Amino acid sequence: MSHQIDIEKVRADFPILSRKVNGHPLVYFDNAATSQTPKVVIDAIVEYYEQYNANIHRGVHSLSQEATDAYEQARETLRAHFNAAKKEEIIFTSGTTHGINLVANGFASQLKAGDEVIVSALEHHSNIVPWQMLCEKTGAQLKVIPMTNSGELAMDAFHELLSDKTKLVFVNHVSNALGTINPIETIISEAHKKGAAVLIDGAQAAPHIKADVQALDVDFYVVSGHKMCGPTGVGVLYGKEEWLIKLPPYQGGGEMIDQVTFEKTTYAGLPHKFEAGTPNICGGIAFGKAIEYLNGLGFENIAAYEHELLTYATEQLLAVGDVMIYGTSSEKTAVISFNIEGIHPYDIGTIIDKLGIAVRTGHHCAQPIMDYYKIPGTVRASFSFYNTKEEIDAFVQAVKRAKIMLS
Amino acid sequence: MSNIKEIQEEIVDEFAMFDDWMQRYEYMIELGKSLPLIDEQYKTDENIIKGCQSKVWVHADMEDGKVVFTADSDAIITKGIIAILVRAFSNQEPKAILDANTDFIDEIGLKEHLSPTRANGLVSMIKQLKMYALAYQTKVQ
């Protein structure tokens with residue numbers, strides 16, 4: 001795979017990349033937690049507050065109209081990006097967690113005791129806990145697709161778990177802790193054969209892989225803006241129209257109503273039914289800009305370049321010695337979750353931070369995965385298209401120093 | 001036996017010998033190795049200090065009117081931090097522990113660890129040591 005990423009030009013788009021941390025040039029390898037923000041997105045935020053900050057929809061004045069147009073344009077950008085059939089199927093949320101909770105809450109009215117829902121062992125806590133709560137509420141049973149030693153889903157077990165009782169399946173597209181890309185095409189089509197709906201948590205995939213929701217035939221796909229070079233506090237839930245009509249609203253309030261009397265309230269149509277209250281207007285607009293920016297680079301270029309970084313980093317890191325990498329699937333995004341024999345991940349993270357390197361340490365909100373490997377956590381380095389091989393060299397040097405200090 | 005203030009000054013003097021953070025951290029790791037280790041029977045979930053990414057266990061005993069701390073951690077830097085605290089606060093009377101301030105942490109160049117949001121839980125450790133002191137003081141009265 002070849003790419004057309006002009007790395008110097010790309011890095012110049014991100015003001016934060018030129019700062020220093022603890023006296024060293026910042027090496028930002030915590031992209032799976034949150035991505036950095038390009039100048040065009042920062043400019044969009046500033047422009048919004050300087051030029052047309054106003055509440056949207058229903059306003060008769062010009063400013064409100066401008067803000068509404070920009071916000072709805074962002075929705076259209078997101079629709080086109082995910083290839084949703086209709087704009088009404090794109091619901092703005094505060095992020096992936098909000099999107100999952102919205103769907104889980106809606107399904108409380110669709111499930112009964114005896115029904116089964118399937119989740120995977122590779123999930124983030126935010127794609128486990130809402131479903132546990134849903135099962136407690138409805139009496140449905142939660143089944144778990146186990147994982148294998150390489151950090152992949154045990155698909156044989158998945159087929160065995162599927163039955164006529166299965167009503168819902170939720171799996172992440174990419175594991176946040178390990179980077180494994182899950183075979184969601186198969187999961188979706190197999191679940192559909194049993195009449196079950198499927199929610200895919202796309203938070204970790206969306207920055208690297210462009211999902212086509214119609215081609216996938218997925219029922220729900222959720223993402224966060226801040227992992228895609230957008231701001232925090234905004235995300236998108238894609239839902240098939242038929243499902244969004246069927247599910248009850250999540251929160252009551254302004255924007256989501258049609259008629260209100262004390263006797264009876266009727267709800268607004270899609271997408272407003274699920275968008276109670278004043279939304280994150282600026283965030284939505286900036287998210288749209290971020291999507292335009294990423295598409296300007298091209299997702300094929302991004303994936304090819306990041307794959308190069310992953311291969312290089314894996315080789316260099318393994319050469320340090322005593323390194324255990326968790327998640328060794330051939331299908332993974334640019335994430336390396338690792339430990340050094342006999343050293344606590346927290347110690348490594350602390351030392352390399354002193355050298356300007358930002359990684360994440362801990363259980364990555366995926367304790368079941370850590371329990372599987374019987375480890376307290378890992379060091380996770382996650383790369384983005386604005387990272388370089390030179391940064392990987394600095395990171396590997398820092399890990400070597402940490403290893404010497406801590407052994 | 002020196003009082004808490006004197007021990008803290010001693011620690012500050014030791015750390016002042018180092019020029020950079022690496023030497024300070026290396027020394028802290030050394031101190032971790034000299035930590036009076038907690039008896040295995042007290043390494044229970046109840047004795048784990050919450051708020052740390054690594055596990056930290058602390059146990060306290062009362063000997064001749066003084067609180068004696070033992071501790072351990074699965075991370076070596078955290079072990080160094082708790083070792084510094086144990087050295088400063090162990091073998092002291094409950095009231096002295098409760099009255100002691102912790103400005104010396106700042107002076108030895110570990111200020112960054114004092115932030116309550118920092119995942120290592122230094123603040124929780126100090127709180128826990130003081131909780132033990134408070135419990136023993138209440139018992140004595």
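Residues numbered from 1 in each chain as written. Chains lettered and ligands numbered in written order. Predicted model: local features only at pLDDT ≥ 70, side-chain atom pairs only at ≥ 80, totals over all residues.

Participant: I'd love a proper account of the overall build of chain A, names of residues and values included.
Facilitator: Each helix and strand counted, chain A has 14 helices and 17 strands in total. Compactness check: chain A gives a C-alpha radius of gyration of 22 Å against a globular reference of 22 Å for 407 residues, within 12% of the reference. Dimensions along the principal axes, computed over C-alpha positions, put chain A at roughly 70 × 55 × 35 Å. Relative to its full complement of 407 residues, chain A shows a buried share of 50%. Pairs at least 24 apart in sequence give 71% of the contacts found in chain A among residues at least 6 apart. (Helix = DSSP H or I, 4+ residues; strand = E, 2+ residues; numbered from the N terminus. Rg over C-alpha atoms; globule rule 2.2 N^0.38 Å. Buried ≥ 20, exposed ≤ 12 C-beta atoms within 10 Å, placed from the backbone. Contact = placed C-beta atoms within 7 Å.)

Participant: Before we move on, can you summarise the interface of chain A and chain B with the specific residues and values?
Facilitator: The interface is formed by 11 residues belonging to chain A together with 11 residues belonging to chain B. Those elements that provide at least two residues to the side of chain A that touches chain B are α12 (345-354), β16 (360-362) and α14 (389-406) of chain A. Take the side of chain A that touches chain B: its biggest share by element is 5 residues, from α12(A). Here the side of chain A that touches chain B is built from residues that sort into 5 nonpolar, 4 polar and 2 charged. (Nonpolar A, V, L, I, M, F, W, Y, C, P; charged D, E, K, R; others polar.)

Participant: Quick one: what's the story with the sheet that holds strand β6 (residues 141-145) of chain A, residue by residue and with numbers?
Facilitator: All names here are of chain A. One open sheet accounts for 7 strands, arranged β4-β10-β9-β8-β7-β5-β6; its pairing is mixed. With one partner strand each, in any of the chains shown, β4 (90-93) and β6 form the two edges of the open sheet. Going across the sheet, the axis of each strand differs from the next one's by a mean of 20 degrees, ignoring polarity. Here 4 bridges tie β4 to strand β10 (residues 235-239), and the two strands are oriented antiparallel to one another. Within the sheet, the bridge partner assigned to Thr93 lies in β10 and is Gly235. Against the sheet, helix α3 (residues 62-82) contacts β4, β9 (220-224) and β10, and its axis sits at roughly 120 degrees relative to β4. (Pairing = 2+ DSSP bridges. Axes fitted to C-alpha atoms, helices over the stretch in contact; angles between N-to-C directions.)

Participant: Give a detailed account of the domain arrangement of chain A, specifying residues and quantitative values.
Facilitator: All names here are of chain A. You can read the domains of chain A as domain 1 (7-30 + 298-406) and domain 2 (42-296). Centre-to-centre, using C-alpha coordinates, domain 1 lies 28 Å away from domain 2. Between domain 1 and domain 2, the contact holds 21 residues from the first and 24 residues from the second. Elements with a contribution of two residues or more to the side of domain 1 that touches domain 2: α11 (299-318), β14 (335-340) and α13 (367-373). For the side of domain 1 that touches domain 2, the element with the most residues is α11, which contributes 4 residues. (Domains from an automatic or database assignment.)

Participant: Can you break down the UniProt feature "domain: Aminotransferase class V" (unreviewed entry) in chain A residue by residue, with the values?
Facilitator: UniProt's feature table lists "domain: Aminotransferase class V" (unreviewed entry) at residues 27-395 of chain A, given in the numbering used throughout. Between the C-alpha atoms that bound residues 27-395 of chain A there is a distance of 8 Å. The span itself is 39% helix and 18% strand. (UniProt positions renumbered as here; feature names shortened; annotations may be inferred.)

Participant: Residue-level account of the pairing of strand β17 (residues 378-382) of chain A, with values.
Facilitator: All names here are of chain A. Burial of β17 is extensive: 5 of the 5 residues sit out of reach of the surface. Taking every second residue as pointing to the same face, both faces of β17 are buried, with Thr378, Arg380 and Ser382 on one and Val379 and Ala381 on the other. Here 4 bridges tie β14 to β17, and the two strands are oriented antiparallel to one another. The residue bridging Ser337 from the neighbouring strand is Arg380, located in β17. Pairing between β16 and β17: 3 bridges, direction antiparallel. Across the sheet, residue Arg360 finds its bridge partner in β17, namely Arg380.

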